2 protein chains.
Amino acid sequence: MAGVPEVPLVSRKAAPPGDAALAAALAERLGRDRIATTPEARDEASRDLWPRSLLWLRADDTPPPPDLICRPRSVEEVAELIRFARERGVAVVPHGARSGVCGGTLHLHGGVALDLRGLDRVRSVDPERLEIEVEAGAMGWPLEQRLAAQGLTLGHFPSSIALSTVGGWVAARGAGQSSSRYGKIEDLLLGLEVVLGTGEVVRLDRPAAGSDLLELFLGSEGILGAITAARLRLFPAPEVQLPRGYRFASLHRALQAMEEIFHAGLRPSVARLYDPFDTWIALGAHAAADGDAGPQLQPPVRADLRTSPERGSLGRKGATLAGSAKKQALQGALSLARPLNLAAGTLRSCLLVLVHEGPAGETRAEAARTRAICAGHGGTDLGEGPGRRWLRKRWAVSYQLPKMFDAGTWVDTCEVATSWGRVEPLYRAIRHAVAPHAFVMAHFSHAWPDGCSIYFTFSGPAPSVERGLRSYDAAWRAALDAAAAEGATITHHHGVGVLKGPWLEAELGAGGLALLQATKRVCDPDGILNPGKLVP
Amino acid sequence: MAGVPEVPLVSRKAAPPGDAALAAALAERLGRDRIATTPEARDEASRDLWPRSLLWLRADDTPPPPDLICRPRSVEEVAELIRFARERGVAVVPHGARSGVCGGTLHLHGGVALDLRGLDRVRSVDPERLEIEVEAGAMGWPLEQRLAAQGLTLGHFPSSIALSTVGGWVAARGAGQSSSRYGKIEDLLLGLEVVLGTGEVVRLDRPAAGSDLLELFLGSEGILGAITAARLRLFPAPEVQLPRGYRFASLHRALQAMEEIFHAGLRPSVARLYDPFDTWIALGAHAAADGDAGPQLQPPVRADLRTSPERGSLGRKGATLAGSAKKQALQGALSLARPLNLAAGTLRSCLLVLVHEGPAGETRAEAARTRAICAGHGGTDLGEGPGRRWLRKRWAVSYQLPKMFDAGTWVDTCEVATSWGRVEPLYRAIRHAVAPHAFVMAHFSHAWPDGCSIYFTFSGPAPSVERGLRSYDAAWRAALDAAAAEGATITHHHGVGVLKGPWLEAELGAGGLALLQATKRVCDPDGILNPGKLVP
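Being a predicted model, the structure only gives us computed values, none of them experimental.

Along chain A, the regular secondary structure elements total 19 helices and 20 strands. Of all 536 residues assigned to chain A, the portion counted as buried reaches 64%. At a minimum sequence separation of 6, the contacts of chain A that also span at least 24 residues come to 77%. As presented, chain A carries roughly 17500 Å² of accessible surface, and 52% of it is formed by carbon and sulfur atoms.

Once chain B has been moved 0.0 Å along the axis and rotated by 180°, it coincides with chain A to within an RMSD of 0.0 Å. Look at the turn and shift together and you get a two-fold axis relating the two. Here 100% of the interface residues in chain B have copies in chain A that are interface residues too; the copies meet face to matching face.

All names here are of chain B. Pairing is antiparallel across the open sheet formed by 5 strands, whose spatial order is S7-S8-S12-S10-S11. Of all the strands in the sheet, just strand S7 (122-126) and strand S11 (201-205) have a single pairing partner and so form its edges. Neighbour-to-neighbour, the strand axes of this sheet turn through a mean angle of 15°, independent of strand direction. Where strand S10 (residues 189-196) meets S11, 5 bridges bridge the pair, whose relative direction is antiparallel. In the strand pairing of S11, Leu192 is matched with Leu204.

Moving on: the nonpolar core. A:Leu192, A:Phe217, A:Leu232, B:Leu192, B:Phe217 and B:Leu232 are the most contacted members of the largest nonpolar core, which has 88 residues in total. Setting aside its immediate chain neighbours within four residues, B:Leu192 contacts B:Val170, B:Val202, B:Arg203, B:Leu204, B:Leu214, B:Phe217, B:Ile227, B:Ala229 and B:Ala230. In terms of nonpolar packing, the next biggest core, distinct from the first, is built from 68 residues, A:Leu49, A:Tyr427, A:Ala433 and A:Trp476 among them.

Our next topic: the interface of chain B and chain A. The accessible area lost on association of the parts is a frequent measure of interface size. Each side of the interface is counted separately: chain B has 61 residues, and chain A has 61 residues. Of all residues in chain B, B:Arg129, B:Ala208 and B:Leu515 bury the most surface against chain A, accounting for 13% of the area lost on that side. Viewed at the interface, chain A and chain B are joined by 6 salt bridges. The residue B:Arg369 makes a salt bridge to A:Glu239 at a minimum N-O spacing of 3.5 Å.

This part is about the environment of B:Arg34. Residue and element names in this part refer to chain B. Relative to the elements of secondary structure, Arg34 occurs in the loop between helix H1 (20-30) and strand S2 (35-36). Sequence separation between Arg34 and Arg71 is 37 residues, and the spatial gap between their C-alpha atoms is 4.8 Å. Those residues in contact with Arg34 that lie beyond four places of it in its chain are Ile69, Cys70, Arg71, Pro72, Arg73 and Glu77.

Attention shifts here to the pairing of strand S7 (residues 122-126) of chain A. In this structure, S7(A) lies alongside strand S8 (residues 131-135) of chain A, joined through 4 bridges in antiparallel fashion. Note on S8(A): the bridge partner recorded for A:Asp126 is A:Glu131.

Let's shift gears to the packing of helix H14 (residues 360-376) of chain A against helix H14 (residues 360-376) of chain B. It is at 9 Å that the axes of H14(A) and H14(B) come closest, and there the two elements cross at 175°. When the interaxial angle is binned, H14(A) and H14(B) end up roughly antiparallel. Contacts between H14(A) and H14(B) involve A:Glu362, A:Ala365, A:Glu366 and A:Arg369 from the first element and B:Glu362, B:Ala365, B:Glu366 and B:Arg369 from the second.

Note: most residues except glycine have negative phi, and most peptide bonds are trans. Here A:Arg98, not a glycine, exhibits a phi torsion of approximately 50°, which is positive. For A:Arg98, a relative accessible area of 7% corresponds to the buried category.

A few words on the environment of A:His492. Relative to the elements of secondary structure, A:His492 occurs in the loop between helix H18 (465-485) and helix H19 (504-523). By relative accessible area, which is 8% here, A:His492 ends up buried. Counting along the chain gives 46 residues from A:His492 to A:His446, while the straight-line C-alpha distance between them is 8.9 Å. Residues within four places of A:His492 in sequence aside, it is in contact with A:Arg173, A:Ala175, A:Lys184, A:Glu415, A:Val416, A:Ala417, A:His446, A:Ser453 and B:Ala208.

A word on the packing of helix H10 (residues 251-263) of chain B against H14(B). All names here are of chain B. Close contact between H10 and H14 brings their axes to 9 Å; oriented N to C, the two are set at 150°. Seen from above, H10 lies across H14 with right-handed handedness. In this structure, H10 contributes Arg253, Ala257, Glu260 and Ile261 to the contact, and H14 contributes Thr370, Ile373, Cys374 and Gly376. The class makeup of the residues in the contact of H10 with H14 is 4 nonpolar, 2 polar and 2 charged.

The next point concerns the pattern of salt bridges. Close approach of charged atoms lets side chains of opposite charge pair. All chains considered together, the criterion is met by 80 salt bridges over all chains. With its nearest N and O atoms 3.3 Å apart, the salt bridge here joins A:Arg12 to A:Asp60. Highlighted residues: A:Arg12 in the loop between strand S1 (10-11) and helix H1 (20-30) and A:Asp60 in the loop between helix H3 (52-58) and strand S3 (61-62), separated in sequence by 48 residues. Its relative accessible area of 28% is what places A:Arg12 among the partly exposed residues. Here B:Asp481 and B:Arg477 are joined by a salt bridge, their closest N and O atoms 3.9 Å apart. With a gap of 4 residues between them, B:Asp481 and B:Arg477 both fall in helix H18 (residues 465-485), about one helical turn apart. For B:Arg477, a relative accessible area of 37% puts it in the partly exposed group.

Helix length check: H14(A), at 17 residues, gives a terminal C-alpha distance of 24 Å against a target of 24 Å (1.5 Å per residue), a fit within 8%. When we look at burial in H14(A), the residues that qualify are A:Ala360, A:Glu362, A:Thr363, A:Ala365, A:Glu366, A:Ala367, A:Thr370, A:Ile373 and A:Cys374. The secondary structure elements touched by the buried residues of H14(A) are strand S14 (240-248), helix H10 (251-263) and strand S16 (350-358) of chain A together with H14 of chain B. The positive-phi residue at the C-terminal boundary of H14(A) is A:Gly378, with phi of around 80°.

What follows deals with the packing of aromatic side chains. Residue and element names in this part refer to chain A. Overall, the coordinates contain 20 aromatic pairs over all chains when judged by the stated rule. Here the aromatic residues Tyr427, Phe444, Phe456, Phe458 and Trp476 are joined through ring pairs into a cluster of three or more. Between the NZ or CZ atom of Arg394 and the centre of the ring of Phe157, over which it lies, the distance is 5.0 Å.

The first and last C-alpha atoms of H19(A) sit only 20 Å apart over 20 residues, clearly below the 28 Å expected at 1.5 Å per residue. Most pronounced at A:Ala510, the bend in H19(A) amounts to some 90°. Its buried side turned inward, H19(A) meets strand S10 (189-196) and helix H9 (214-217) of chain A together with S11, helix H9 (214-217) and helix H19 (504-523) of chain B.

Before going further, it helps to spend a moment on the confidence of the model for chain A. Any residue range with low pLDDT should be treated as having predicted coordinates unsuitable for detailed reading. Residues and elements named next belong to chain A. Put simply, chain A has an average pLDDT of 89, and 87% of its residues get 70 or more. Here residues 286-295 is a poorly scored stretch, pLDDT under 50, and it has 16 contacts once near neighbours within four places are set aside; other chains count. In this model, residues 300-326 is a region of pLDDT below 50 whose contacts with residues beyond four sequence positions or in other chains number 64 contacts. Overall fold confidence (pTM) sits at 0.87, and the ipTM for the predicted complex is 0.84.

Let us look at the pairing of strand S5 (residues 92-95) of chain B. Residue and element names in this part refer to chain B. Residues of S5 alternate between two faces, with Val92 and Pro94 on one and Val93 and His95 on the opposite face, all of them buried. Here 4 bridges tie S5 to strand S6 (residues 112-115), and the two strands are oriented parallel to one another. Within S6, the residue paired with Pro94 across the bridge is Leu114.

Across a sheet, paired strands are connected by hydrogen bonds in the backbone, their directions being either parallel or antiparallel. Residue and element names in this part refer to chain A. Spatial strand order, S7-S8-S12-S10-S11: 5 strands in an open sheet with antiparallel pairing. Two strands in the sheet have a free side with no partner beyond their single neighbour: S7 and strand S11 (201-205). Looking at each pair of strands side by side, their axes are set apart by 15° on average, direction ignored. Note: S10 against strand S12 (residues 225-233), 7 bridges, orientation antiparallel. Each bridged residue has a counterpart across the sheet, and for Glu193 the counterpart in S12 is Ala229. Here helix H4 (residues 75-88) sits on the sheet and contacts S10, S11 and S12; the angle it forms with S10, its principal contact strand, is near 40°.

Rules and cut-offs
- Residues numbered from 1 in each chain as written.
- Chains lettered and ligands numbered in written order.
- Predicted model: local features only at pLDDT ≥ 70, side-chain atom pairs only at ≥ 80, totals over all residues.
- Heavy atoms only, no water.
- Helix = DSSP H or I, 4+ residues; strand = E, 2+ residues; numbered from the N terminus.
- Buried < 20%, exposed > 50% of the residue type's maximum accessible area, 1.4 Å probe, protein only.
- Contact = heavy atoms within 4.5 Å.
- Areas by Shrake-Rupley, 256 points an atom, 1.4 Å probe, with all protein chains shown as cover.
- Least-squares fit on C-alpha atoms with pLDDT ≥ 70 in both.
- Pairing = 2+ DSSP bridges.
- Axes fitted to C-alpha atoms, helices over the stretch in contact; angles between N-to-C directions.
- Core = buried A, V, L, I, M, F, W, Y, C linked by side-chain atoms within 4.5 Å.
- Buried area = accessible area lost by both parts, 1.4 Å probe.
- Salt bridge = Lys/Arg side-chain N within 4 Å of Asp/Glu carboxyl O.
- Parallel < 35°, antiparallel > 145°, perpendicular 65-115°, else oblique.
- Left-handed = near helix turned anticlockwise from the far one by under 90°.
- Nonpolar A, V, L, I, M, F, W, Y, C, P; charged D, E, K, R; others polar.
- Expected span 1.5 Å × (residues − 1).
- Phe/Tyr/Trp six-rings, centres within 6.5 Å; stacked < 30°, edge-to-face > 60°.
- Lys NZ or Arg CZ within 6 Å of the ring centre and 35° of its normal.
- Bend = angle between axes of the 7 residues up to and from the residue.
- pLDDT = per-residue confidence, 0-100.

Set out below in structure tokens:
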């Protein structure tokens, strides 16, 4: 398997100028106010939240920016832009809030950044049918707040909820923290409006007959069409939320409990099992620093991320490591991957955080049953504390990540999934493969009757940019090769992007990848949409 | 909208001979024992269980039979057959047990009937991962029995369970009677092995990244590839099964209760609400004829339907009307559609049958909660009786259907689905549209948080074959036009076939249908697979 792909870089100080003629021609079609061509806007549009970018930024490098950013306000304008780009053979990269962490919206072939955040209207909310139709650029957190005021919820709570859009969730097959109860985005999706690479607007629903063509666009990361709106399932807001924590003598016993819970058909909204090192940090830090009380933290609400130059270009937008205590514990020690991995190997006990939610009666019955199952595997009931703390801190995404990179380390997260019988072997295989290159810890979450996701945090040495990139790429290659060899998925909810492109064949199979390529030719005959991603 | 398509017919006494040269050439490739060319086999392969066939049979007519039946025993043989057919430009119609009720496996262009029932091995059962891999030709009932012996269940219980195969379920997007808890076949499907129209064998899993190409084949009714194996989700067999019945003063109140149950996230495996006429028959007939006791009926177990000439060609294979008492009540009166529809309009009270199943604790809590919800809508608790009777009779499919057709009536069933707010308008619209042509009754089932299915039974006059076909086609056209106008699905789990082909555009949208057609060209470039179905 090839490794993490090289990305061409340019100096941020000497980025190539945009295509002024192209911008002028497009301004004539859509209006001047739909176009941005400033160096700042183009620089920001040259990256997403792929942590590898933070290594580039240390050398003040960036991938080549797009020629211009197009900010349409309607599906007709999106179609017009795509027809325009098709006439001229110009690449178009559709994007939402660009909080992807795999480089999925990098501009490998210049052209137009299609910023869909101007399409952010809620077209309809139907509390009877428990359905919403919302445009693709709507940001997650304000949308969820609006629904909460009506006693409703999407049930979709990605850590990036304040940094991501509906369209991005669909394009990357996202999952929220409560996916064990409400499902991943593909379980929530009822319909889509998409502008194909032909410029044609297509509306698709979940069919009861014939092929489900909606599923072509789920996870398609902009290579087939630009998603402009989605119909999503809604749920009544839960009557009760019952948090809980259990401590187990070993990862093995904890995983057995978790598996039994989901095999039995129980559906806690959250089931997060921390591996021994992650548990040690979580329990230790919480005991030392955190009370149980206090309100639940809110995610930073910033509906529009593109205009915040004072915050810097990328670092403040958030990152993927949760919990500031964890970062402090890691900081300064993360270049010592080998000894840390060895030390972590001596730890044993594991924390399982559960949250049950739903109608009061069933939820209490469900919580009682998980308690019995945990007890059956030797789990010590820690009461509500760990679950309450997790709920309170669930949005506490880190704003320290750039500092860690500046301090000579890199950090990234890798989420894979597999079926129950293979979870422990997969965990061991990836730990073993990555250990020479980075420190590794993990939690197990997004459980489902047939399996769960493992969410690894890797951190490695970056005394120089070059050495950082070397250990970063080596860690990822080792992890994804191991995942593919174990028959696991290569991602769970972060998507593919540039980072995992070479491993997509392992996910879809050779036949599946060929079919996707053929589908790409059908939907985007001129290959203008997000070229260079997913398919060869 | 065009009406129900015409199907070319031939006299069964003077069916055209098969293509002997084709049979000889294929026998050379696959072996003589893989080919059937007898008039009996070809006659049987000329139809499925589309009730319209029974009108044709009254005149001893049948659609043109295939040239030959091919019965491969392995995926390699399937691929070989498809390559063979492609070389010669011969049509291939993949089929399982041919219990489809919409003409989906009729041979509109002659060629080869690809009987997949020889691929019936269980490749693996993994009780840990709760997964099974099984070949497409495996019949439903023996498979479920085998799993039950291991404390497992597929959770997929179509009325046709003894008459249908795994591949057929997937190809037609089937649903079982317990779909409200376990999901439709698309919710159960984890992976597929398919031989495309190119002869290429493709293995697809549910991906976590990229497009879900599996969904192209779900509901594709053999136009893209021949399904040769499926990986399906398993469930632990339920600890308890709690049947119940409630009587409501009106359909409206009963539907409100049903909606509230599913909105609240409760998941009874069975929720069947009978409309007033269906309730009158069900309660009346049960009170008169049935005790509560007695063992649950087993479905007729016939693993191989193709060799039963003594049973007649079609009639004894089963049908879609459940409950023999219901048939007796209807028989002889069904040509009086108008007065019966009027009489039915004077009835009011409705029966809701519920079955809760799963782990004992939650299931009891769930049953208590549905009881409270039903009471809140004025539902009278009828105890376990109605639910127990339903469970006992759930497989009592009718063997009387051909007699009803011979007696001068026709009967068919039409299942559509919509979201909760639209269920009653849809019910009224279809009743109103069909009433001039046929007697109509219905039940509401396969409920889901966002809606449910309505399962209509139509019965109309057929004093002659010609007049029967006229009222049959008029009823269907009226029903499907009304469904499309109401924004409902045109089917829920019976598929499209020939019958509903003209309405598929209403289901997929013009853009969706065009995408499906383009996908067909990718997967089956020579258009040999089930030609004339689904796409123009």
